Amino acid sequence: MDTEKTENGTLETWTPEEVSRAFEDRKIVVIDVRTPQEFNVERIEGALLAPMQAFHPEHMPAQDGKRIVFHCGSGVRSEKVARLCLDHGFGRVAHMKGGFGAWKTAGLPYTGTDMATGAPKTMRKEG
């Protein structure tokens, strides 16, 4: 994990592998800030949706029990949301480097859409 000290707190940038391990160990909550349409097509199973276009830091839960790690498609939107949270009093906040694209490239499992049936399906990028 990389950390950056800002004037408002600490921004952590986690790798997809770090997010996956902490999520499996139930140490974090993963919040997807992509659009509902993107989320419906493919997503990290168990991630919560809080689209950037309607995001309000004051509606986020406290990080007392579990840390929050934001993610998006490429890491750009999640970093913007994380910095917004720092601006609103979060002392430390995290986002996933490279976003969902990096998650898939790392070969980690996700829920996608079976194009033949339209049903959700566990997927993993091969090779």
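Before reading further, recall that the structure is shown in the block above.
Residues numbered from 1 in each chain as written. Predicted model: local features only at pLDDT ≥ 70, side-chain atom pairs only at ≥ 80, totals over all residues. Heavy atoms only, no water.

## Section: helix α1 (residues 16-24)
Turning to step 1, where the next piece is worked out: Within the sequence span of α1, burial applies to Pro16, Val19, Ser20 and Ala22.
Turning to step 2, where the next piece is worked out: Contact partners of the buried residues in α1: β2 (9-14), β3 (28-32), β5 (67-71), β6 (92-96) and α4 (99-105).
Turning to step 3, where the next piece is worked out: Phi for arginine 26, located one or two positions after α1, is positive at around 60°. (Buried < 20%, exposed > 50% of the residue type's maximum accessible area, 1.4 Å probe, protein only. Helix = DSSP H or I, 4+ residues; strand = E, 2+ residues; numbered from the N terminus. Contact = heavy atoms within 4.5 Å.)

## Comments concerning the side chain of glutamate 12
Turning to step 1, where the next piece is worked out: Residue position: glutamate 12 is located in strand β2.
Turning to step 2, where the next piece is worked out: Here the side chain of glutamate 12 touches tryptophan 14 through a polar contact of 2.9 Å, side chain to side chain.
Turning to step 3, where the next piece is worked out: Setting aside residues no more than four positions away along its own chain, glutamate 12 makes contact with Met1, Asp2, Thr3, Arg67, Arg92, Val93, Ala94 and His95. (Polar contact = N/O pair within 3.5 Å; in protein donor to acceptor, adjacent residues only side chain to side chain.)

## Observations regarding the nonpolar core
If you look at soluble globular proteins, the nonpolar side chains tend to sit buried side by side.
Turning to step 1, where the next piece is worked out: Within the largest apolar cluster, 15 residues are counted, with the highest numbers of intra-cluster contacts made by Ile31, Phe55, Met60, Phe70, Cys85 and Val93.
Turning to step 2, where the next piece is worked out: At the level of elements, β5 and α3 (76-87) are the ones that each hand at least two residues to this core.
Turning to step 3, where the next piece is worked out: What phenylalanine 55 contacts, discounting residues up to four positions off in sequence, is Ala50, Met60, Phe70, Val81, Leu84 and Cys85.
Turning to step 4, where the next piece is worked out: In terms of nonpolar packing, the next biggest core, distinct from the first, is built from 14 residues, Val69, Ala94, Met96 and Trp103 among them. (Core = buried A, V, L, I, M, F, W, Y, C linked by side-chain atoms within 4.5 Å.)

## Observations regarding the state of the cysteines
Turning to step 1, where the next piece is worked out: Applying the stated criterion across every chain yields a total of zero disulfides.
Turning to step 2, where the next piece is worked out: Left unpaired, cysteine 85 is separated from the closest cysteine sulfur, that of cysteine 72, by 13 Å.
Turning to step 3, where the next piece is worked out: For cysteine 85, a relative accessible area of 0% gives the class buried. (Disulfide = S-S within 2.5 Å.)

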